[in-house]
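# Tertiary structure, described
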Amino acid sequence: MSPETMTAENSGTTILSRILEAHGSRFTPEAARSMLQLTFDQVDIDRMNALAEKNRHGMLTEAEQQELQSYLLVGHFLDLLHSKARLVLKQAAS
Amino acid sequence: MAIPRSLQQHIRERAGRLCEYCHLPDTSTTLPFQIDHISAEKHAGLTILANLAYCCLHGNAIKGPNIARVDQETQEVVRLFHPRNDRLEEQRFDRLSSLRAHSHHERVTPSAEALRLGQRARPPPATLGNCIGLGYRGRLDSHTLGCHDGAALRRDQRLCPRCRPC
């Protein structure tokens, strides 16, 4: 992908995806296991559930919508990291 | 209205622990799944089994209390996918690829597409192996980012729909 064509779709998740695709396989199994420990605290899970509940009623303020999007973004980050970590562990086991 | 824990458990098991809108397994994400009113309470939707669906947080964020939305391309009002009345089409992801290619101004996710494809279709086919890993290089959005490895494959695919290039 040329730098000229990257701008429109260069979201945080896209950038992160490229980094992990390029370098994710270099994780050690120990690092991968540590990454799998990274997850949301119960406080954050409760907050996400509360935001989702408000969203079901169409009652999110603009700030809360932003907050929900932030949680989704961080969730994607963690999911992608976990995905890479599981692949590293799978490859190390085989 | 609060949904009793036993009912939540029943809905979760009925859905096979998959999002009923996009088939994302709840084990493949750190984000909490929700029990969604298909027809929202503000639209007089009832808290009964037939109107409740197991839903990922992405689906919740996109759907909200809505039961229809305006198609960004045609400006038509489109009924949202209904997990009880509609079945996900076997070739849904092929359709999604073509839709995705034309959806430059819209966040397009499997959830969003599933939600907006209010159509009759066949049930998903039997799975044939697992995805070989992270391979998605097409237009990425927040939902299709990466592969939740181990994703079930359809027919002779080597990569799951999330990993398949547009």
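This one's a predicted model, so the numbers in the text were calculated from it and none came from an experiment. (Residues numbered from 1 in each chain as written. Chains lettered and ligands numbered in written order. Predicted model: local features only at pLDDT ≥ 70, side-chain atom pairs only at ≥ 80, totals over all residues. Heavy atoms only, no water.)

All names here are of chain B. Scored by pLDDT, chain B comes out at a mean of 66, with 51% of its residues at no less than 70. pLDDT under 50 marks residues 116-150. Its contacts with residues more than four places away, or in other chains, come to 134 contacts. With a pTM of 0.66, the predicted complex shows an ipTM of 0.81. (pLDDT = per-residue confidence, 0-100. Contact = heavy atoms within 4.5 Å.)

So, about the layout of surface pockets. By volume, the largest pocket is sized at about 540 Å³. N49(A), Q8(B), R12(B), F33(B) and I35(B) are the residues nearest the centre of the largest pocket, which is lined by 22 residues in total. Looking at the lining of the largest pocket, the elements with two or more residues in it are α4 (42-56) of chain A together with α1 (5-14) and β1 (34-37) of chain B. The element best represented in the lining of the largest pocket is α4(A), accounting for four residues. Of the residues contributing to the lining of the largest pocket, the split by class is nine nonpolar, seven polar and six charged. (1 Å grid on protein atoms, 1.4 Å probe; cavity = no way out; pocket = protein on both sides within 12 Å on 5 of 7 lines; lining within 4 Å. Points joined across faces, edges and corners; volume = space filled by probe spheres on them. Helix = DSSP H or I, 4+ residues; strand = E, 2+ residues; numbered from the N terminus. Nonpolar A, V, L, I, M, F, W, Y, C, P; charged D, E, K, R; others polar.)

Formed by 17 residues in total, the largest nonpolar core has its most connected members in C19(B) and Y21(B). Of all the elements in the fold, those that place two or more residues in this core are α1 and β2 (52-55) of chain B. If one sorts the elements of this core by residue count, β2(B) sits on top with four residues. Counting residues in hydrophobic clusters, the runner-up holds 12 residues, among them L60(A), L68(A), L72(A) and L78(A). (Core = buried A, V, L, I, M, F, W, Y, C linked by side-chain atoms within 4.5 Å. Buried < 20%, exposed > 50% of the residue type's maximum accessible area, 1.4 Å probe, protein only.)

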